[in-house]
Amino acid sequence: MLPDALTYAALYRDFRWQIPARYNIGTDVCTRWALADPDRPAIIWQRPNGQVETVSFGRLEDESNRLANVLNARGIRRGDRVAIILSQGPAAAIAHIAIYKMGAIAVPLAALFGPDALAFRLANSGARALLTNAEGAAKLADIRDGLGELSVVLSSDGRADGVDSLADAMDRASPRFTAVDTAPDDPAMMIYTSGTTGPPKGALHGHRVLLGHLPGIQMPHEFFPQAGDRMWTPADWAWAGGLLNALLPALHYGVPVVARKFEKFDPDEAYALMATMEVRNSFVPPTALRMLRAVDDPRSRYDLKLRTLASAGETLGAETFAWGRDVLGLTVNEAYGQTECNLVIGSCAAIGVSRAGAIGKPVPGHTVGIIRADGSLCDAGEQGQIAVKRPDPVMFLEYWGRPEATRDKFIGDWMTTGDQGVRDDEDYIRFFGRDDDVITSAGYRIGPGEIEDTLIKHPAVSLAAAVGKPDPLRTEIVKAFVVLKAGVEPSTDLADHIRDFVRTRMSAHSYPRELEFIDEMPMTTTGKIIRRLLRDRS
């Protein structure tokens, strides 16, 4: 969708949305490619046993049609919510495509969720069907009595108590299905997002959400697609980062997607996968990138074919940015968005939009501002809240069943993000921190990202997080939690050295006055640090 242009100014000025009057994600990412070239590779799946299977668009079309017929035969209709608990692989892609074709609403749920998290989301969404595997079916067993609306459960691993075999049902179904005629604003998916207070909220998106992502994909992946491109992300496809930053946009462009389930992210295995599968484009969240830094000289050890590397989800930091250029020979193109309105800020080194410590500039097609509490625009250099102006095709329709929360998300036509940022004179935006993550100490407002970026420069530090700890004198002090590199032993002397390391590189008011070593960093299923748990621990 991006116009041919050599500068950011021309890209932004000349961009125009092309949203058709009728649009369906399922037919867009599958049917049109299956009709034009049924043997075209769609999913390149590395099975748990290491074997590689290539799934064509023709097969995705056949099996998604069968699944749509299976669900229809069991009473699932347009507008019904269908939950998906499946790891990266063909089954997950087929499930999404079938649900979109039916005009139903996909509710992707992370395989790592425990029973309580699943129970809330399944009940809150009113899911009538669940597509899962044996692991998901086992979690369902103890909570199903409280899910009165859930009438259909199909498992890719075969029959179990109260669970039907997905494969058996699809074998008996017709491979012919006529997709429902949907409009861009018709609901297509609901992705749950955890706010700073209260229970998770279901962000409901229309079919247009995929089209809204395209310029935000093309920009950090440097005019994606190019000949030979091949996409991979370690992010779970249940998260907006995995589903909408990688899987669905790649299929839209007919680009193969590499799939593999990681029980736990392993940097050496990630490099090996990218080399073996000849991955050219990757979306890797910042925490995973910091873990990749632990591997020495990866380019000499692995035959990498990477053309582009994008990152989003939390602040990247200047240190990881520099590592990408020095070690991988690539500029990590940082991007920004939220589940409610994703990929609205981005970088693109190919046209010179790239700066260490900045999340980029507004992506063409999106109006992004830094606003004050009254909705007025901040001046350059003035800290405020990052906001996105409606209407915008990538923006959510509503929070499911939460009209007040939907209204509270907006100040006039600005959709607020709860993220603090600063815009400079060249329109680069720097992420300062979540509203609840910003530390107030002795009158200073301190963003955790800059502290964490300095902490990981220390040769002993693998991962780090900074939070505010209540203090009667300063309101809060900075407390750091640190995971050390393998083979490094924690000690009081080391803690003092790390604190002094930060103090000499930042300032006396922003260095961590307390530091605690931990064995493992608490993270969400999307790879973000759960600072709330660290604040509670403080």
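Structure shown above.
Cut-offs used in this document
Every chain is numbered on its own, with residues counted from 1 as its sequence reads. Since the coordinates come from a predicted model, pLDDT governs what is reported: local features require at least 70, and pairs of side-chain atoms require 80 or more to be given and counted, while whole-chain, interface and lining totals use all residues. Excluding hydrogens and water, the side-chain figures rest on all heavy atoms present in the structure. In this description a helix means any DSSP run of H or I spanning at least four residues, a strand means any run of E spanning at least two, and both kinds are numbered starting from the N terminus. Throughout, radius of gyration means the C-alpha value; the globule benchmark is 2.2 Å times the number of residues raised to the power 0.38. Residue burial is assigned from relative accessible area. The probe radius is 1.4 Å, only protein chains are included, and a residue is buried under 20% of its type maximum, exposed over 50%, and partly exposed in between. The contact criterion used is simple: two residues touch if any of their non-hydrogen atoms lie within 4.5 Å. For this analysis, a salt bridge means a side-chain nitrogen from Lys or Arg found within 4 Å of a carboxyl oxygen belonging to Asp or Glu. A pair of strands is considered paired only if DSSP assigns at least 2 bridges between the two. Taking the helix axis as origin, the arc is that swept by the directions to the C-beta atoms. Working definition: rings of Phe, Tyr and Trp (its six-membered ring) pair if their centres are within 6.5 Å, and the pair is stacked with planes under 30 degrees apart, edge-to-face with planes over 60 apart, and tilted otherwise. Should the NZ of a Lys or the CZ of an Arg lie within 6 Å of a ring centre and within 35 degrees of the ring normal, that charge is described as sitting over the ring. Axis definition: a line fit to C-alpha positions, over the contact stretch in the case of helices; interaxial angles, taken between N-to-C directions, run 0 to 180 degrees. Think of a nonpolar core as a cluster: buried Ala, Val, Leu, Ile, Met, Phe, Trp, Tyr and Cys residues, connected wherever their side-chain atoms sit within 4.5 Å. Angle categories are assigned with fixed cut-offs, so that under 35 degrees is roughly parallel, over 145 is roughly antiparallel, 65 to 115 is roughly perpendicular, and the rest are oblique. Should the near helix be turned counterclockwise from the far one by less than a right angle, the crossing is left-handed, whereas a clockwise turn marks it as right-handed. Three classes are used, and their members are as follows: Ala, Val, Leu, Ile, Met, Phe, Trp, Tyr, Cys and Pro are nonpolar, Asp, Glu, Lys and Arg are charged, and the others, Gly among them, are polar.

**Some words on the overall build of the protein**
Then, number 1: Each helix and strand counted, the protein has 17 helices and 27 strands in total.
Then, number 2: Relative to the 2.2 N^0.38 estimate, which gives 24 Å for 538 residues, the radius of gyration of the protein is 23 Å and therefore close to what a compact globule would have.
Then, number 3: By principal-axis analysis of the C-alpha atoms, the protein measures approximately 70 × 55 × 50 Å.
Then, number 4: Going through the 538 residues of the protein one by one, you find that 58% of them count as buried.
Then, number 5: For the protein, the share of sequence-separated contacts (at least 6 apart) that also reach a separation of at least 24 residues comes to 68%.

**Quick look at the pattern of salt bridges**
Then, number 1: For the coordinates displayed, the defined rule picks out 37 salt bridges.
Then, number 2: For Arg307, the salt bridge identified is with Asp229, shortest N-O distance 2.8 Å. Residue Arg307 is found in the loop between helix 12 (298–301) and strand 13 (308–311), and its partner Asp229 is found in the loop between helix 8 (208–218) and strand 10 (231–232); the two are separated by 78 residues along the sequence.
Then, number 3: Taken together, the shared-partner salt bridges in this structure form one network comprising Lys469, Lys479, Glu514, Glu516 and Arg537.

**Here's the deal with the pairing of strand 22 (residues 429–434)**
Then, number 1: Where strand 21 (residues 414–423) lies against strand 22, 5 bridges are found, and the strand directions are antiparallel. By the bridge assignment, Arg423 is partnered in strand 22 with Ile429.
Then, number 2: Hairpin remark: strand 21 followed by strand 22, antiparallel, with 5 residues in the connecting loop; positive phi at Asp427, about 75°.

**Details of helix 5 (residues 115–125)**
Then, number 1: When we look at burial in helix 5, the residues that qualify are Leu118, Arg121, Leu122 and Ser125. The buried residues of helix 5 occupy one face: seen down the axis, they fall within an arc of 95°.
Then, number 2: Looking one or two residues past helix 5, Gly126 carries a phi angle of roughly 65°, positive in sign.

**Regarding the packing of aromatic side chains**
Then, number 1: Tallied over the full model, the rule gives 11 aromatic pairs.
Then, number 2: Ring geometry for Phe262 versus Phe265: centroids 6.1 Å apart, planes at 40°, classification tilted. By the burial criterion, Phe262 is buried, and Phe265 matches it.
Then, number 3: Through a chain of ring-to-ring contacts, the aromatic side chains of Trp232, Phe262 and Phe265 assemble into a single cluster.
Then, number 4: The ring of Phe262 has Arg260 sitting right over it, with the charged end atom 4.2 Å from the ring centre.
Then, number 5: Sitting over the ring of Tyr428, Lys361 keeps its end group 4.7 Å from the ring centre.

**Concerning the sheet that holds strand 27 (residues 514–517)**
Then, number 1: The strand order 25-26-27 describes an open sheet built from 3 strands, whose pairing is mixed. Strands with a single pairing partner mark the edges of an open sheet, and in this sheet they are strand 25 (461–471) and strand 27. Strand-to-strand twist across the sheet, computed as the mean angle between neighbouring axes with direction ignored, equals 25°.
Then, number 2: Pairing of strand 26 (residues 475–484) with strand 27, which is carried by 4 bridges, proceeds in the parallel orientation. Among the inter-strand pairings, Phe481 is bridged to a residue of strand 27, identified as Glu516.
Then, number 3: Here helix 15 (residues 448–455) sits on the sheet and contacts strand 25 and strand 26; the angle it forms with strand 25, its principal contact strand, is near 140°.
Then, number 4: Across the sheet, helix 16 (residues 492–505) is in contact with strand 25, strand 26 and strand 27; its angle to strand 27 comes to roughly 130°.

**So, the side chain of Thr339**
Then, number 1: Positionally, Thr339 belongs in the loop between strand 14 (332–338) and strand 15 (341–346).
Then, number 2: Residue class for Thr339 comes out buried when judged on its relative accessible area of 15%.
Then, number 3: The residues touching Thr339, leaving out its near neighbours within four places in the chain, are Ile191, Thr193, Ala203, His205 and Ala240.

**A closer look at the nonpolar core**
Then, number 1: Among the nonpolar cores identified, the biggest contains 89 residues, and Ile25, Ile43, Leu67, Leu131, Met189 and Leu248 are the most heavily contacted of them.
Then, number 2: If one sorts the elements of this core by residue count, helix 4 (residues 90–102) sits on top with 9 residues.
Then, number 3: In terms of nonpolar packing, the next biggest core, distinct from the first, is built from 27 residues, Met274, Ala288, Leu316 and Leu328 among them.

**A closer look at the packing of helix 3 (residues 57–73) against helix 4**
Then, number 1: One way to put it is that helix 3 packs onto helix 4 with a least axis distance of 8 Å and a crossing angle of 60°. As judged from the angle between their axes, helix 3 and helix 4 are oblique. Classified by chirality, the crossing of helix 4 by helix 3 is right-handed. Contact residues: Leu60, Glu61, Glu63, Ser64, Asn65, Leu67, Ala68, Leu71 and Asn72 in helix 3; Ile94, Ala95, Ile97, Ala98, Lys101 and Met102 in helix 4.
Then, number 2: A class-by-class count of the residues in the contact of helix 3 with helix 4 yields 9 nonpolar, 3 polar and 3 charged.

**A few points about unusual backbone geometry**
Then, number 1: Along the chain, Phe224 connects to Pro225 via a cis peptide bond; the corresponding omega equals 0°.
Then, number 2: The topology assignment puts Pro225 in the loop between helix 8 and strand 10.
Then, number 3: The peptide bond linking Arg390 to Pro391 adopts the cis configuration, its omega dihedral lying at 0°.
Then, number 4: Within the secondary structure, Pro391 sits in the loop between strand 18 (384–389) and strand 19 (398–399).
Then, number 5: Phi at Phe223 takes a positive value of approximately 65°, unusual for a residue other than glycine.
Then, number 6: By the secondary structure assignment, Phe223 is in the loop between helix 8 and strand 10.
Then, number 7: For Glu278, which is not glycine, the phi torsion reads 55° and is therefore positive.

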